[in-house]
Amino acid sequence: MNPEKPKREITFKKNEEITLNIDDLGNNGEGIGHLRGYTFFVKGALPGEKIKARVMKQKKSYGYARLSEILTPSPNRVKPVCPAAGVCGGCTLQHLSYEEQLRYKEKKVRDCLTRIGGVDLSTVEWLPILGMTEGKEQPWHYRNKAQFPVRADKKGQPVTGFFAGRSHSLIPVSSCPIQHPVMNEAAECVIEFMREFDILPYEEETHTGLVRHIYVRRGYHTGEVMVCLVINGDSLPYSDRLVERLLKIEGMASILFNVNQERTNVILGSRIYLLWGKRYIEDRIGDIHYRISPESFYQVNPAQTKRLYETVLLFADLKGEEKVWDLYCGIGTISLFLARYASHVFGVEIVPEAVENARENAKQNGIDNVSFVCGAAEDVDAGQDVDVIVVDPPRKGCDTALLDTMVKMQPEKIVYVSCEPATLARDLKYLGERGYAVRKARACDMFPQGGHVESVCLLHRTDM
C-alpha cells in the first residue's frame, strides 16, 4: 500500500495578480476571498464584489493582498468622505454604507459568541444594535478625543496626521471627519506655532526633537476644550505664545504639556504641567457630570455612551437594594450612572489619578452611596457582599484571576461590557463553564466608520 502523499503547500508569488470573489468581512473590516482553497484578506474590498488584487504576504493557510481593481462593485459601496480613508489606519469601513456597517458589526458579535463562546443564541434575548441614526447624531464628527502624532515632512517641517494601518508611517491629514472640527483647529494651531518658532517635531529613530503628540479632548455637552502637548523634554519654549493662540479657539478651558522622554509607543508620560486654565475639562452623560483629566479613560463617543450605559442599567434591572461592584471603573462613569438605582456601588480601578477623579465626580454630583478603591480588580476580596457585578475591561478582556474572583463572589448577575467581541466570547465561555449563562445581549456602535464594536451581555447565575 502506497503511503499517502503529503498535501502540496499552496504558494503564490509576491505581486502576483489574482482574481477573487469576496464573500465576507474580517475582524478589522477587510474583505475575505478564497482561491484554490487559500484565504486572502483584502483591505477595501466588500462582500459580493469581484476584484483583482496583488499578493502581498503569505502565511500557511491565509495571506494578504492589495486591492488593484474592482470588477463588480457591491451595491453597498459608497464614496469615502475622507480622502485619506484608504491609507489611514483609523477608518476601515468608510467605503461601506452605514446600514451595512451596523449589520456587519452585529453579525460580528453574534458570530463570536456562538463560534468562540459556545453561546446558544436561541436562549438569549437579543436587542437590536444601537447605531448613530437619529436626528443630528449622524455617524460623523462624534469623537471627543484626538491624539495627533507629530513628525517632520520631507522638508523637515512639522506635520501631523495619523499613522497608516499597522505602521508608524505618518499620513498627513489636515481634517478628520469623525472628530469634532475644533480638534482639527487645535492641531493646526499647534503646527503653525511650531513652524513659526522652529520647534522641532519628534524623530522616533533618533529619539530627538521635542513635540511627540498633540492631545485634544472636548466635552460633548459643555464644549470645553483641552489641549495637551506631549513632549520629549522638560519644558516647552515660547509656551506663552502658544497659550495666546490657543485661547482664540472657542471653548478652550485647559492647556497643558506632558513629559514623555521614554523610547515607547505609550503616548502619555507620568508628568503633566498646567500652562493655563484647569487641569481637567467637564462633561456629562445624562444628568451626571464628570471631570476629565488627560489620563482619564472616557468613552470617545458621548452620544452613544449614554445609550450604552442605559443598556447596562436596563440589564442590571436594579430595584434600589442591590450592592453593585463596578470593576475597571475608570473615573466612575458607570458607577455614578448606576448609583441612583442601587443601595451602594463599589468601584475598583488600578490607576490612582482615575480613582481621584472618580471620587471628585461623586462629590461634584452629590452622590454618597459610592466608594472607590484603588487596586487591581482581581485582588478584590471574594467574600464581599455583592448582588451585581459590572465589568468593563480593556480590549484584551479579563484575565483568569479576575474571572475566578467574580465567580467566587457569586453575584446573581454579571453585566459584561466589552469593546472586543472575541475576548468577550472567550470570557463568556469561561464563566458559562462555572455557572453563569448569557440571558441578554446587545451591540452598540461606538466607532462608526471603523471596524470596532462595543457590546453588553447580561449573565445570570444558573443555580438560583
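Structural data are supplied above this passage.
Worth saying up front: this structure is predicted, and the values here are computed from it rather than measured. (Residues numbered from 1 in each chain as written. Predicted model: local features only at pLDDT ≥ 70, side-chain atom pairs only at ≥ 80, totals over all residues. Heavy atoms only, no water.)

This paragraph deals with the sheet that holds strand β1 (residues 17–25). Ordered by their spatial adjacency, five strands build a closed barrel running β1-β2-β3-β5-β4, and the pairing between neighbours is mixed. Mean inter-strand twist for the sheet, computed between neighbouring axes without regard to direction, equals 50 degrees. Bridging between β1 and strand β2 (residues 31–35) involves three bridges; their strand directions are antiparallel. Looking at the pairing, L25 lines up with G31 of β2. (Pairing = 2+ DSSP bridges. Helix = DSSP H or I, 4+ residues; strand = E, 2+ residues; numbered from the N terminus. Axes fitted to C-alpha atoms, helices over the stretch in contact; angles between N-to-C directions.)

A word on the environment of T423. With respect to the helices and strands, the residue T423 is situated in helix α8 (residues 421–432). Residue T423 is classed as buried on the basis of its relative accessible area, which comes to 13%. C-alpha separation for the pair T423 and P393, spaced 30 residues apart in sequence, amounts to 9.9 Å. Excluding residues within four positions of it along the chain, T423 makes contact with R395, K396, G397 and Y416. (Buried < 20%, exposed > 50% of the residue type's maximum accessible area, 1.4 Å probe, protein only. Contact = heavy atoms within 4.5 Å.)

Our next topic: the packing of helix α1 (residues 98–115) against α8. With their axes 8 Å apart at the nearest point, α1 and α8 run at an angle of 30 degrees to one another. Classified by the interaxial angle, the pair formed by α1 and α8 is roughly parallel. Of the two possible hands of crossing, α1 and α8 adopt the one that is right-handed. Across the interface between the two elements, K108, V109, C112 and L113 from α1 touch P421, A422, L424, A425 and L428 from α8. Class assignment for the residues of the contact of α1 with α8 results in eight nonpolar, no polar and one charged. (Parallel < 35°, antiparallel > 145°, perpendicular 65-115°, else oblique. Left-handed = near helix turned anticlockwise from the far one by under 90°. Nonpolar A, V, L, I, M, F, W, Y, C, P; charged D, E, K, R; others polar.)

Moving on to the side chain of E224. By secondary structure assignment, the location of E224 is in the loop between β10 (211–218) and β11 (225–231). Taking the relative accessible area as the measure of exposure, E224 reaches 18% and is therefore buried. Engagement of the side chain of E224 in a polar contact is seen with the side chain of K278, the distance being 3.0 Å. Apart from residues lying up to four places away in sequence, E224 is in contact with R217, R218, G219, G251, A253, K278, I281 and E282. (Polar contact = N/O pair within 3.5 Å; in protein donor to acceptor, adjacent residues only side chain to side chain.)

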